[in-house]
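A closer look at the structure
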Amino acid sequence: MFNFIVAALGLYCIVEGIIAKGKLFDFEKVSVTAIPRLKKITRFCLIVSGLLVTPVGVLALLEIIKETSALYIIPCVIAVLMYIAIPLLKLICEDPKKREKPMMTPEERRAAREAQEAAEAGDETADAEKSEFPPQSDITKDDGSASKRFYD
């Protein structure tokens, strides 16, 4: 079963490398000058890792090689390292101007939390006014319905 997954992942890497679409090819934060080079490197890594893993998975599926042999382990380790290298390269080529908003100061965090709590408190009162059920404070009063029978 695991060999089938290895072979399928290898085919997926090959297809993703050829099509060049997906989350690995999302270069929003990368500088514009590095995008073509990074796209070529990403495609290369995906295709090579797919070409390494697919035949190994198929050969292990056909029981020609064992999962414990070096012929199986070394290509899988190389493919995993190449697959891990892609996000690291994206991180290295990241443009500082395109990074997400900077971290908030403690005062800004406190103000944002207070604004969110105020908005949530306002939502609860608006929901209670629209509801056909009485607010929580009126529910605690005994209306005598507990002593009535549901059936007669």
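Right, let's walk through the structure included here. (Residues numbered from 1 in each chain as written. Predicted model: local features only at pLDDT ≥ 70, side-chain atom pairs only at ≥ 80, totals over all residues. Heavy atoms only, no water.)

Across its full length, the protein chain holds 5 helices and 0 strands. Going residue by residue from the N terminus, the α and β elements of the protein chain occur as α-α-α-α-α. Looking at the protein chain as a whole, 24% of its 152 residues are labelled buried. Taking contacts inside the protein chain between residues at least 6 apart in sequence as the whole, the part at least 24 apart equals 70%. (Helix = DSSP H or I, 4+ residues; strand = E, 2+ residues; numbered from the N terminus. Buried < 20%, exposed > 50% of the residue type's maximum accessible area, 1.4 Å probe, protein only. Contact = heavy atoms within 4.5 Å.)

To continue, consider helix α2 (residues 35-61). Look at α2: 38 Å from first C-alpha to last across 27 residues, which is about the 39 Å you get at 1.5 Å a residue. Here α2 has its buried residues at L38, T42, C45, L46, S49, G50, V53, T54, V56, G57 and A60. Looking at the buried positions of α2, the neighbouring elements they touch are α1 (2-19) and α3 (70-92). After α2 finishes, the residue E63 shows a positive phi value of roughly 60°. (Expected span 1.5 Å × (residues − 1).)

Trans peptide bonds make up most of the peptide bonds, and negative phi angles are found at most residues other than glycine. Unusually for a residue other than glycine, A20 sits at a positive phi of about 60°. Not every positive phi belongs to a glycine, and E63 is a case in point at roughly 60°. Of note, E63 is situated in the loop between α2 and α3.

To continue, consider the side chain of S31. In this fold, S31 is placed in the loop between α1 and α2. For S31, the residues in contact, after removing those within four places along its chain, are C93 and D95.

Let's shift gears to a nonpolar patch on the surface. A surface patch of nonpolar side chains, about 750 Å² in accessible area, is lined by M1, F4, I5, L9, Y12, L61 and Y83. Top element by residues in the nonpolar patch is α1. It accounts for 4 residues. Position of L61 relative to the elements: it lies in helix α2. Taking relative accessible area as the criterion, L61 reaches 41% and is therefore assigned partly exposed. (Patch = residues over 30% accessible without salt bridge, like charges linked within 9 Å, V, L, I, M, F, W, Y side chains within 5 Å. Areas by Shrake-Rupley, 256 points an atom, 1.4 Å probe, with all protein chains shown as cover. Salt bridge = Lys/Arg side-chain N within 4 Å of Asp/Glu carboxyl O.)

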